[in-house]
Amino acid sequence: MEALHLGDGLRTSPIALGTTMSVYRTSEAQVDAKAALATLHAAVDAGVTFLDTADVYGHGGNEQLVGRLLADRRGEVTVATKFGITGDLMARRRQARGDRAYVLECADASLTRLATDRIDLYYLHRPDPAVPIEETVGAMAELVRAGKVAHLGLCEVTAAELRRACAVHPIAAVQSEWSVWSRDVEANVVPAAAELGIGFVPYSPLGRGFLAGTVTASSLDQDDLRRTLMPRYHDHNLPANLAAVAGIAAVAAAAGATQAQVSLAWLIGKGAEFGLPVVPVVSTRFPARVAENLASVAVRLSPEQLGALDRIADAVSGSRSRDLQWVSAGRE
């Protein structure tokens, strides 16, 4: 599979695998590690070379899982991990931290869990409002000079924050939510990344299952974390959003593809429109889904189909985050 160039010379597969393989129901058992590792191997076998994790996923357990893959296949993959969130990612008590001492401490801990001597792409998971981004990126740059990190990335930054960071050190990639129904980044962040020669790595490109048609109102239990953390999954917003997503099914039927494939193809097309490389990061526990997602690279959508997908966001009800300060949209 042909590699894409993000920024700062970083090359990856056109689709990344999010290795969280997490669950949204607090009562549901954790993912079986053996099955998860099998999915990671299947993804690499299929041509995925870009793996995405974070120190906060599974309280470090997800990095350890990726480390088990690296023991056999380190030379075949680009590993991205993140730091900068303290507390529980899916709870109200989460916070961002980006002081120099914490940056250096987190990197060493991630390297230990990953059982490797280099992080290929090291992201700031969220900017710390109490620490200038120049200080955080300056500490990250120290890691590059020390040979512990190859490239730097930023998550959910504003265009202004991105420009300030680039004045300190080259940035290879920006990761933010971007999809058919989450398009706020197109106003400022995406154009800034294109201007600065930085690649974009959209997370939740399938709307946490909604855009792929694998999640319905009846499948969201009352203890599903999407109901409490993400307003567009609230009961009063679901009917409008289900109706909007039905438009994706219509485009998929006409294109002879799945809803997931047209949603990813739309994102890749948007990258071309804005003039920057886009590598969606998709999480799944199933090898068959990995193959389905990779096939999106070959899907070609007509201008009419792209236009129909463009209009879906206008009908979406509810914001993408309970706390908009937690994402770039709330700080632009």
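Up top is the structure these notes are about.
Conventions and cut-offs
- Each chain carries its own residue numbering, running from 1 in the written order of its sequence.
- Owing to the predicted nature of the model, reporting of local features is limited to residues with pLDDT of at least 70; listing and counting of side-chain atom pairs is limited to 80 or more, with chain, interface and lining totals taken over all residues.
- Note: side-chain values were computed over all heavy atoms of the structure, leaving out hydrogens and water.
- Here a helix means four or more residues in a row that DSSP labels H or I, a strand means two or more in a row labelled E, and each is numbered from the N terminus.
- To get the radius of gyration, use the C-alpha atoms; to get the globule rule, take the number of residues to the power 0.38 and multiply by 2.2 Å.
- Exposed residues in this analysis have more than 50% of their type's maximum accessible area, buried residues have under 20%, and partly exposed residues fall in between, with area computed by a 1.4 Å probe over protein chains only.
- Residue contacts are defined here by distance: any two heavy atoms, one from each residue, within 4.5 Å place the two residues in contact.
- The method behind every accessible area is Shrake-Rupley, applied with a 1.4 Å probe, and residues are considered shielded solely by the protein chains displayed.
- Positive charges come from Lys and Arg, negative ones from Asp and Glu, while His and the chain ends are left out of the count.
- A single reference atom marks each charge: NZ on Lys, CZ on Arg, CG on Asp, CD on Glu.
- Only C-alpha atoms enter the line fits that serve as axes; for helices the fit covers just the stretch in contact. Angles between N-to-C directions range over 0 to 180 degrees.
- These descriptions rest on fixed angle ranges, namely under 35 degrees for roughly parallel, over 145 for roughly antiparallel, 65 to 115 for roughly perpendicular, and the rest for oblique.
- Handedness of a crossing follows from how the near helix is turned relative to the far one, being left-handed for an anticlockwise turn of less than a right angle and right-handed for a clockwise one.
- Charged residues are taken to be Asp, Glu, Lys and Arg, nonpolar residues to be Ala, Val, Leu, Ile, Met, Phe, Trp, Tyr, Cys and Pro, and polar residues to be all remaining types, Gly included.
- Polar contacts here mean pairs of N or O atoms no more than 3.5 Å apart (in protein, one a potential hydrogen donor and the other a potential acceptor; neighbouring residues in sequence count only if both atoms are side-chain atoms).
- Paired strands, as defined in this entry, are two strands with at least two bridges between them according to DSSP.
- For the purposes of this section, nonpolar cores are sets of buried Ala, Val, Leu, Ile, Met, Phe, Trp, Tyr and Cys residues that join through side-chain atoms within 4.5 Å.
- Each pair of aromatic rings taken from Phe, Tyr and Trp, with Trp reduced to its six-membered ring, is defined by centres within 6.5 Å and is described as stacked if the planes are under 30 degrees apart, edge-to-face if over 60, and tilted in the remaining cases.
- Charge-over-ring placement is defined geometrically: NZ (Lys) or CZ (Arg) within 6 Å of the ring centre, and within 35 degrees of the ring normal.
- Any carboxyl oxygen of Asp or Glu within 4 Å of a side-chain nitrogen of Lys or Arg constitutes a salt bridge here.

**Some words on the overall build of the protein chain**
Phase 1: Of regular secondary structure, the protein chain possesses eleven helices and twelve strands.
Phase 2: Against the 2.2 N^0.38 benchmark of 20 Å for 332 residues, the protein chain shows a C-alpha radius of gyration of 19 Å, consistent with a compact globule.
Phase 3: With the C-alpha coordinates of the protein chain rotated into their principal frame, the extents come out at 50 × 40 × 40 Å.
Phase 4: Sorting the 332 residues of the protein chain into buried and exposed places 55% on the buried side.
Phase 5: Within the protein chain, residue pairs in contact and separated by at least 24 positions form 75% of the contacts whose partners lie at least 6 positions apart.
Phase 6: In the structure as shown, the protein chain presents an accessible area of about 13100 Å², 52% of it carried by carbon and sulfur atoms.
Phase 7: Charged side chains of the protein chain number 32 positive and 37 negative; the gap between the two group centres comes to 2 Å.

**Quick look at the packing of helix 1 (residues 33–46) against helix 2 (residues 61–73)**
Phase 1: The geometry of helix 1 relative to helix 2 is characterised by a closest axis approach of 10 Å and an angle of 45° between their N-to-C directions. Relative to helix 2, the element helix 1 is oriented oblique. Here helix 1 runs over helix 2; the crossing is right-handed. Here Ala33, Ala36, Leu37, Leu40, His41, Val44 and Asp45 of helix 1 lie close against helix 2, whose contacting residues are Leu65, Val66, Arg68, Leu69, Asp72 and Arg73.
Phase 2: For the contact of helix 1 with helix 2, a count of residues per class yields eight nonpolar, one polar and four charged.

**Here we look at the side chain of Arg320**
Phase 1: Considering the arrangement of structural elements, one finds Arg320 in the segment after helix 11 (303–310).
Phase 2: Side chain to side chain, Arg320 and Glu156 meet in a polar contact 2.8 Å long.
Phase 3: Looking at Arg320, its side chain comes within polar contact range of the side chain of Asp184, at 2.9 Å.
Phase 4: Those residues in contact with Arg320, other than ones at most four positions away along the chain, are Glu156, Glu177, Ser182, Asp184, Val185, Tyr203, Met230, Arg232, Val327, Ser328 and Ala329.

**A closer look at the sheet that holds strand 4 (residues 50–52)**
Phase 1: Ordered in space as 11-10-9-8-5-4-3-12, the eight strands form an open sheet in which the pairing is parallel. One side of each edge strand has no neighbouring strand; the edge strands of this open sheet are strand 11 (199–200) and strand 12 (281–283).

**Looking at the packing of helix 4 (residues 133–145) against helix 5 (residues 159–166)**
Phase 1: The geometry of helix 4 relative to helix 5 is characterised by a closest axis approach of 9 Å and an angle of 45° between their N-to-C directions. Taken together, helix 4 and helix 5 sit at an angle that is classed as oblique. In the crossing of helix 4 with helix 5, the sense of the turn from one axis to the other is right-handed. Residues Ile133, Glu134 and Val137 of helix 4 touch helix 5, and the partners they reach there are Glu161, Arg164 and Ala165.
Phase 2: By residue class, the composition of the contact of helix 4 with helix 5 is three nonpolar, no polar and three charged.

**Some thoughts on the environment of Arg126**
Phase 1: Mapped onto the elements of the fold, Arg126 is located in the loop between strand 8 (119–124) and helix 4.
Phase 2: Of the residues examined, Arg126 reaches a relative accessible area of 8% and is grouped as buried.
Phase 3: For Arg126, the contacting residues outside a window of four places in its chain are Phe83, Gly84, Ile85, Ala96, Cys155, Glu156, Tyr203, Trp326 and Val327.
Phase 4: Here the side chain of Arg126 touches Trp326 through a polar contact of 2.8 Å, landing on its backbone oxygen.

**Looking at the nonpolar core**
Phase 1: The biggest cluster of nonpolar side chains holds 82 residues, and the ones touching the most others in it are Leu154, Leu162 and Phe200.
Phase 2: Dropping the residues within four chain positions of it, Leu154 is found in contact with Tyr123, Leu124, Ile133, Val137, Leu162, Ala165, Ile171, Ala173, Val174 and Gln175.
Phase 3: Core analysis: the next-biggest nonpolar cluster, separate from the first, contains 15 residues, Ala16, Ala172, Val279 and Val327 among them.

**Quick notes on helix 11**
Phase 1: Of all the positions in helix 11, only Gln305, Gly307 and Leu309 are classed as buried.
Phase 2: Among the structural elements, helix 8 (238–255) and helix 9 (259–274) are those in contact with the buried residues of helix 11.

**Comments concerning the packing of aromatic side chains**
Phase 1: Here the structure, examined in full by the defined rule, presents six aromatic pairs.
Phase 2: An aromatic cluster is defined as three or more aromatic residues linked by ring pairs; in this entry it consists of Trp178, Phe200 and Phe274.
Phase 3: A cation over a ring is seen here: Arg232 above Trp181, with NZ or CZ 4.8 Å from the ring centre.

**What about the pattern of salt bridges?**
Phase 1: Within this structure, the stated rule accounts for 21 salt bridges.
Phase 2: Lys270 is the partner of Glu273 in a salt bridge, and the nearest nitrogen-oxygen pair spans 3.1 Å. In this pair, Glu273 and Lys270 both sit in helix 9, three residues apart, roughly one turn of the helix.
Phase 3: By relative accessible area, Glu273 is classed as exposed at 56%.
Phase 4: Residue Lys270 is classed as buried on the basis of its relative accessible area of 4%.
Phase 5: Connected via shared salt-bridge partners are Glu156, Glu177, Asp184, Arg208 and Arg320.

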